[in-house]
Amino acid sequence: MESVEYKKLMAEIEKLKFHNISLLTLVGLLNDEKMQEPTIHETVVTYDLSKHDLRAFTRLIQSYTGNNFALEQKALLINPVFKRTNLLAIVKSLVASGMFEAKGQEILNSYEG
């Protein structure tokens, strides 16, 4: 019985995730100019990040030493969603939200140069 209930619960969670992302997409289409720089809250929904993932990622940003390869490898250990392009998008959203602006901008600049 537990297996059936677990599967039902997981299906409901997936529905909620889908609806959250759909709502965020709709809001983005209606407010396109505001969605050019999504906030960290919007990014958390988009990438389905847990509190643990976000905390670990922010600690990683705070301890950034300039080594992009190490940053990417450590980020992937936190969650496979932290691939290079996603990682940069998440850093941009942190900067847009006013969090870790200096470190975030340092990371973004290192990828541009």
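That block above? That's the structure.
Thresholds, definitions, all that
- Residues numbered from 1 in each chain as written.
- Predicted model: local features only at pLDDT ≥ 70, side-chain atom pairs only at ≥ 80, totals over all residues.
- Heavy atoms only, no water.
- Helix = DSSP H or I, 4+ residues; strand = E, 2+ residues; numbered from the N terminus.
- Buried < 20%, exposed > 50% of the residue type's maximum accessible area, 1.4 Å probe, protein only.
- Areas by Shrake-Rupley, 256 points an atom, 1.4 Å probe, with all protein chains shown as cover.
- Axes fitted to C-alpha atoms, helices over the stretch in contact; angles between N-to-C directions.
- Left-handed = near helix turned anticlockwise from the far one by under 90°.
- Contact = heavy atoms within 4.5 Å.
- Nonpolar A, V, L, I, M, F, W, Y, C, P; charged D, E, K, R; others polar.
- Phe/Tyr/Trp six-rings, centres within 6.5 Å; stacked < 30°, edge-to-face > 60°.

Draft legend 1. Representation of the overall build of the chain within the structure. Scanning the chain for helices and strands turns up six helices and zero strands. Listed by position from the N terminus, the elements making up the chain come as α-α-α-α-α-α. A burial count over the chain gives 28% of its 113 residues as buried. Working note: accessible area of the chain is about 7800 Å², and carbon and sulfur atoms make up 59% of it.

Draft legend 2. Examining the packing of helix α5 (residues 84-96) against helix α6 (residues 101-112) more closely. Between α5 and α6, the shortest axis-to-axis distance is 9 Å and the interhelical angle comes to 145°. Crossing geometry of α5 relative to α6 is assigned as left-handed. Touching Arg84, Leu87, Leu88, Val91, Lys92 and Val95 of α5 are Glu101, Gly104, Gln105, Ile107, Leu108 and Tyr111, all from α6. Class assignment of the residues belonging to the contact of α5 with α6 gives a composition of seven nonpolar, two polar and three charged.

Draft legend 3. Structural view of the packing of aromatic side chains. Applying the stated criterion to the full structure yields one aromatic pair. Judged by centre distance (4.6 Å) and plane angle (10°), the rings of phenylalanine 57 and phenylalanine 82 are stacked. Taken together, the residues phenylalanine 57 in helix α3 (residues 51-62) and phenylalanine 82 in the loop between α4 (68-78) and α5 connect sequence positions 25 residues apart. The exposure class of phenylalanine 57 is buried, given its relative accessible area of 0%. For phenylalanine 82, a relative accessible area of 1% corresponds to the buried category.

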